[in-house]
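Inside the fold
Residue-level listing of the chains:
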Amino acid sequence: YVVFGMLGLTTDDVKKQHNQLEAFVKPLHGDIMIVRKDSLPAHRALHMSDFMADKKWDDQLSPGYVHEGVHRAERALGIVVPGANALRKASADLQGEEHVYSSIMTAVASHNEELTMGKSESPIMRYEKRTEWQPSFLQVYGSPAKCLVHPEVRDSKYDDHTAPCVYAGPAHYSRSKLHCA
């Protein structure tokens, strides 16, 4: 259920996502052989078809308006989107549309860490081939927090080392559980 943050629906955005997915998957599981997607216009574009052919991936697209080919991702979104909406509604400081992305990424990270019912493993444990569950460092979305002001940004060593902030989920561009948005 690992989802990367896609910030657009153009062919270039989709190519970027595929490259990020490949960099994420290859070190642990080797080469990607099959990619299943729904039929967004960017997925069916000629540029995308050429890109997938160059990668030598089997590009499996579902028919228009049919999601059965990507049913696990669609089912996960059926859980993640309401969870993300609940996170935003519960946080007075993170109500606006500009926080949809961070709330979805937080809900995805939480979903990846959840132990699967009837099993003693989470989706991320299966992906990372771990046998022991590690507690999540996810804080409560919308809670007051302090963020580090790096020494390179401070004018002197006597300036404040932290600044007040609102926790908006895990880092969007880091796999570290210690970084946050």
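Check the entry above for the structure.
Attention in this report is confined to the structure presented alongside it. The model shown is predicted, which means the values in this text are computed figures rather than measured ones.

**Quick notes on the overall build of the chain**
Scanning the chain from N- to C-terminus turns up 6 helices and 4 strands. Helices and strands in the chain line up, N terminus first, as α-β-α-α-β-α-α-α-β-β. Overall, the chain is about 55 × 45 × 35 Å in size when its C-alpha atoms are taken along their principal axes. Expressed as a percentage of the 181 residues in the chain, the buried residues total 30%. Counted over contacts in the chain with a minimum sequence separation of 6, partners at least 24 positions apart contribute 53%. Roughly 12100 Å² of accessible area belongs to the chain as shown, and the carbon and sulfur atoms make up 58% of that amount. Here the chain contributes 21 positively and 23 negatively charged side chains, and the mean placements of these two sets differ by 4 Å.

**A look at the nonpolar core**
Val14, Phe24, Val25, Ile32, Val35, Ala42, Met48, Phe51, Met52, Trp57 and Tyr127 form the largest nonpolar core, which has 11 residues in total. Secondary structure elements with two or more residues in this core: α1 (11-29) and α3 (46-55). In this view, Trp57 contacts His18, Glu22, Ile32, Met33, Val35 and Met52; residues no more than four positions away in its chain are not counted.

**Let's talk about unusual backbone geometry**
What you tend to see is this: most non-glycine residues have negative phi, and most peptide bonds are trans. Of note in this structure, Lys56 is not a glycine but carries a positive phi near 65°. A residue is classified by how much of its surface remains accessible, and Lys56, at 71% relative accessible area, is exposed. Residue Lys129 is not a glycine yet carries a positive backbone phi of 55°. Mapping Lys129 onto the fold places it in the loop between α6 (123-128) and β3 (144-148).

About the cut-offs
- Residues numbered from 1 in each chain as written.
- Predicted model: local features only at pLDDT ≥ 70, side-chain atom pairs only at ≥ 80, totals over all residues.
- Heavy atoms only, no water.
- Helix = DSSP H or I, 4+ residues; strand = E, 2+ residues; numbered from the N terminus.
- Buried < 20%, exposed > 50% of the residue type's maximum accessible area, 1.4 Å probe, protein only.
- Contact = heavy atoms within 4.5 Å.
- Areas by Shrake-Rupley, 256 points an atom, 1.4 Å probe, with all protein chains shown as cover.
- Lys, Arg positive; Asp, Glu negative; His and termini not counted.
- Charge placed at Lys NZ, Arg CZ, Asp CG, Glu CD.
- Core = buried A, V, L, I, M, F, W, Y, C linked by side-chain atoms within 4.5 Å.

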